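Geometric and topological summary
Okay, here's what each chain looks like letter by letter:
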Amino acid sequence: MARLNIVFIASEATPLAKTGGLADVVGSLPLALKKLKHQVTVILPFYRHHLTEAGIKTKPANRVIEMWADGVQRLCPLHKAKVDGLDFILVEQDELYARDGLYGPPGGAYEDNLLRYMLFDRVAIEVAASLLKRVDIIHCHDWQTGMIPLLLRTQYQHHEKVSSAKTVYTIHNLAYQGNFPAEWIHRLGIPSHHFNPEGFEFHGQINCMKAAIESSDSITTVSPSYAEEILTAEYGCELEGFLHQHAQKLSGIVNGLNVEEWNPLTDRAIEANYGPGKINGKKRCKQALQEHCGFDVAADKPLLTLISRLAEQKGIDLLLVNAEKWIKRGYQITVLGSGDAQNEEALHSLALRHPKQLYFFKGFNETLARQIYAGGDIFLMPSRFEPCGLGQLMAMRYGTVPVVRSTGGLRDTVTDYAASKSKATGFHFTMATPKAFDIALEEALAAYKSPRVWSRIRNNALKRDSSWDASAESYVTLYERILAA
Ligand code: ADP
């Protein structure tokens, strides 16, 4: 197998800057590809504040790329960083990337987001073109890098270093397509002859995902089920027809985790370490979480947990309808997240009314997230749709049994108790209704009451292989296939 030279271009990656699962994937899949002996470079914007906060050491790359965008010549100094052995190249443009949020203020979006990411995309192509070795694969992610495959097909089609590179475009969430007013086409020099319904036009607007779907050599999504779902009207976000036209290049590869980074045997953020067959530490983690939340410290009280963006997608409303009922039944509920103001307010008010049974931490907090994954009995993920979902993978890795809606990656990664009592790692429900969610939770709690049954499910979850090993091989097979085509 030849050693491939792969470039990842994305808008976030752990541990540099993270808002969600995209960062986990971009920060960990390249490490798994490197383990398979391929060369990977990751290109990201230089988010000055986030890098400082994360304590990432960077070095100037002694190169400045000049780029015209929106009538202004912008200077973009490049920086290098090596994190866990992975090479990053970071594109500085402080006016555009040195902001408090990655994509906008809390709950909003920056108005110049297309300018920010078009500039980044062009500079990233220049960076890829100037790497020492010829690039084999350019792997782009989500709407922020959606214009790259189109630019490579058009404005860079004769470029000596990148014209022969093949492009892979991964849809991490079809709900965020990057739609912008058409006036940006001229302001940013986007190839206008592709602005039509077969190209990147969508209801008279620019649609960055359409640009990538049309132009890339391969499209992937982050689970096989989601790859099928997005071809239907229910999940296709109005792109199902367009995706159908390109379905021959669409496939689904399930996400993995950096299992060294997410490991209850070694995690230093949690109260005590534990693992399969060595479960005492988990009891101490539960105790510590109950204390942190101001709950009664009681080993037998079910502790339900949820860590999520509080967006409509995540089915938070299904939790809210059930919460008081579950509190009356004596359960404890810990929620970490931020997002829709309505959801935040509802959770806040529940926490005020039931301080001994519902704890809500509003915000993004990785240390607390680890403590919750470790301390919980049950992890709730009632998503209306879920491309892959990493929360349930982390929960299982920490022996917290997920109760999930059977959709997308949740269906592909959590083995339902109803389907296999001996292999189950969690519980599914199908209808996106509070009642179906409640029934699934009660099934889980019936199992929880039987120590023998519960310890089997929890052990299955703890032992589940959520590493990248198999999926990284699938990506390599895909890369090789399109390179040979
Ligand atoms: P999405 O990418 O749609 O937000 P995923 O389940 O794929 O959902 O990934 C979410 C990632 O973000 C997980 O790593 C999860 O632990 C993390 N996360 C979500 N909300 C928070 C939060 N409030 N604080 C810390 N980590 C969070």
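Shown above is the structure to which this text applies.
Residues numbered from 1 in each chain as written. Predicted model: local features only at pLDDT ≥ 70, side-chain atom pairs only at ≥ 80, totals over all residues. Heavy atoms only, no water.

1. Considerations on the overall build of the chain
Selection criterion: Going along the chain from the N terminus, every DSSP run of H or I of four or more residues is numbered as a helix, and every run of E of two or more is numbered as a strand. We take the radius of gyration over the C-alpha atoms and set the globule estimate at 2.2 Å times the residue count to the 0.38 power. Residue burial is assigned from relative accessible area. The probe radius is 1.4 Å, only protein chains are included, and a residue is buried under 20% of its type maximum, exposed over 50%, and partly exposed in between. The contact definition used throughout considers only heavy atoms, calling two residues in contact when any of these lie within 4.5 Å.
Along the backbone of the chain there are 18 helices and 18 strands. What you see for the chain is a C-alpha radius of gyration of 23 Å, in line with the 23 Å of a compact globule of 485 residues. Per-residue burial for the chain yields a buried fraction of 59% across its 485 residues. Summarising the internal contacts of the chain: among those between residues at least 6 apart in sequence, 72% fall at separations of at least 24.

2. Brief notes about the sheet that holds strand β8 (residues 179-180)
The criterion, for reference: The pairing criterion for strands is at least two bridges between them, as found by DSSP. Lines fitted to C-alpha atoms define the axes, with helix axes restricted to the stretch in contact, and inter-axis angles between N-to-C directions lie between 0 and 180 degrees.
Read from one edge to the other, the open sheet built from three strands follows the order β8-β10-β9, with strand pairing classed as antiparallel. Sheet topology places β8 and β9 (201-202) at the edges, where each strand pairs with a single neighbour. Alignment of β9 against strand β10 (residues 205-207), held across two bridges, turns out to be antiparallel. Each bridged residue has a counterpart across the sheet, and for F202 the counterpart in β10 is Q205. The sheet strands contacting helix α7 (residues 208-215) are β8, β9 and β10, and the helix crosses β10 at an angle near 55°.

3. Section: the packing of helix α11 (residues 316-328) against helix α12 (residues 341-353)
Here is the rule: Reported orientations rely on four angle classes, namely roughly parallel under 35 degrees, roughly antiparallel over 145, roughly perpendicular from 65 to 115, and oblique for the rest. Left-handed describes a crossing whose near helix is turned anticlockwise from the far helix through less than a right angle; right-handed describes the clockwise counterpart. The classification used treats Ala, Val, Leu, Ile, Met, Phe, Trp, Tyr, Cys and Pro as nonpolar, Asp, Glu, Lys and Arg as charged, and all other residues, Gly among them, as polar.
Where α11 meets α12, the axes come as close as 11 Å, and the angle between the chain directions of the two elements is 20°. Here α12 runs roughly parallel to α11, going by the angle between their axes. Seen from above, α11 lies across α12 with left-handed handedness. Here I316, L319, L320, A323 and E324 of α11 come into contact with α12, specifically with N343, A346, L347, L350 and R353. For the contact of α11 with α12, the per-class residue count stands at seven nonpolar, one polar and two charged.

4. Concerning the sheet that holds strand β5 (residues 86-91)
A sheet is described by the order of its strands in space; here nine strands give the open sequence β3-β4-β5-β2-β1-β6-β7-β11-β12, paired in mixed fashion. Two strands in the sheet have a free side with no partner beyond their single neighbour: β3 (59-69) and β12 (250-252). Taken over all neighbouring pairs, the strand axes of this sheet differ in orientation by 25° on average, direction set aside. Pairing between β3 and strand β4 (residues 72-83): eight bridges, direction antiparallel. Its bridge partner being in β4, I65 is matched across the sheet by C76. Relative to the sheet, α7 contacts β7 (166-171) and β11 (218-221), its axis offset from that of β7 by approximately 135°.

5. Quick notes on the site of the ligand
Cut-off, in case you're wondering: Any residue with a non-hydrogen atom lying within 4 Å of a molecule or strand is treated as near it. What qualifies as a polar contact is a pair of N or O atoms within 3.5 Å, subject to a donor-acceptor requirement within protein and to the restriction that residues adjacent in sequence count only when both atoms come from side chains. Note on areas: these come from Shrake-Rupley sampling with a 1.4 Å probe, and a residue is covered only by the protein chains present in the view.
With respect to spatial proximity, 20 residues lie near the ligand, and among them G21, D24, R309, G363 and Y373 are the closest. A distance of 2.7 Å separates a nitrogen atom of the ligand from a polar backbone atom of G363. Between the ligand and the protein, one listed contact pairs an oxygen atom with a side-chain N or O atom of Y373 at 2.7 Å. Calculation on the ligand without its partners gives an accessible area of 570 Å², and the protein chains cover 92% of this total. Top element by residues in the shell around the ligand is strand β13 (residues 303-310). It accounts for three residues. Per-class residue counts for the shell around the ligand are eight nonpolar, eight polar and four charged.

6. Here's the deal with the environment of P77
The topology assignment puts P77 in strand β4. Through-space distance from the C-alpha of P77 to that of D300 is 56 Å; in sequence the pair is 223 residues apart.

7. Quick look at the packing of aromatic side chains
We apply this condition: Two rings from Phe, Tyr or Trp (for Trp, the six-membered ring) form a pair when their centres are within 6.5 Å of each other. A pair whose planes differ by under 30 degrees is stacked, one over 60 is edge-to-face, and the rest are tilted.
For the structure on display, the rule yields 15 aromatic pairs. Aromatic pair Y117 and W143: ring centres 5.6 Å apart, planes at 80°, arrangement edge-to-face. One end of the pair, Y117, is in helix α4 (residues 113-129); the other, W143, is in the loop between β6 (137-141) and α5 (147-153), with 26 residues separating them in the sequence. Neither residue differs from the other here; Y117 and W143 are each classed as buried. Between the aromatic rings of Y417 and F427, the centroid separation amounts to 5.1 Å while the plane-to-plane angle is 40°, which identifies the pairing as tilted. A residue pair is termed long-range when its members are at least 10 positions apart, and Y417 in the loop between α15 (408-413) and β18 (427-429) and F427 in strand β18 qualify at 10 residues. Judged by relative accessible area, which is 16%, Y417 ranks as buried.

8. Overview of the pairing of strand β14 (residues 332-339)
Stated precisely, the cut-off is as follows: Call a crossover right-handed when, viewed with both strands pointing away from you, the route from the first strand across the helix to the second goes clockwise.
Most of β14 sits inside the fold, with six of its eight residues counted as buried. As judged from the eight bridges shared by β13 and β14, these two strands associate in the parallel manner. For L310, the partnering residue across the bridge sits in β14 and is G339. Of the crossover connections in this fold, the one passing from β13 over α11 to the parallel β14 is right-handed. Looking at chain direction, β14 and strand β15 (residues 358-362) are connected through five bridges and run parallel. Its bridge partner being in β15, T334 is matched across the sheet by Y359. Taken together, β14, α12 and β15 form a β-α-β motif whose crossover is right-handed.

9. Regarding the packing of α11 against helix α16 (residues 434-448)
Packed helix pairs are specified by the crossing angle of their axes together with the interaxial distance, meaning the distance between the axes. Contact geometry for α11 and α16: axes closest at 9 Å, N-to-C directions at 50°. With respect to α16, the axis of α11 lies oblique. Crossing of α11 over α16 shows right-handed handedness. For the pair α11 and α16, the contacting residues are L318, L319, V321, N322, K325 and W326 in the first and P434, F437, D438 and L441 in the second. For the contact of α11 with α16, the residue count by class is seven nonpolar, one polar and two charged.

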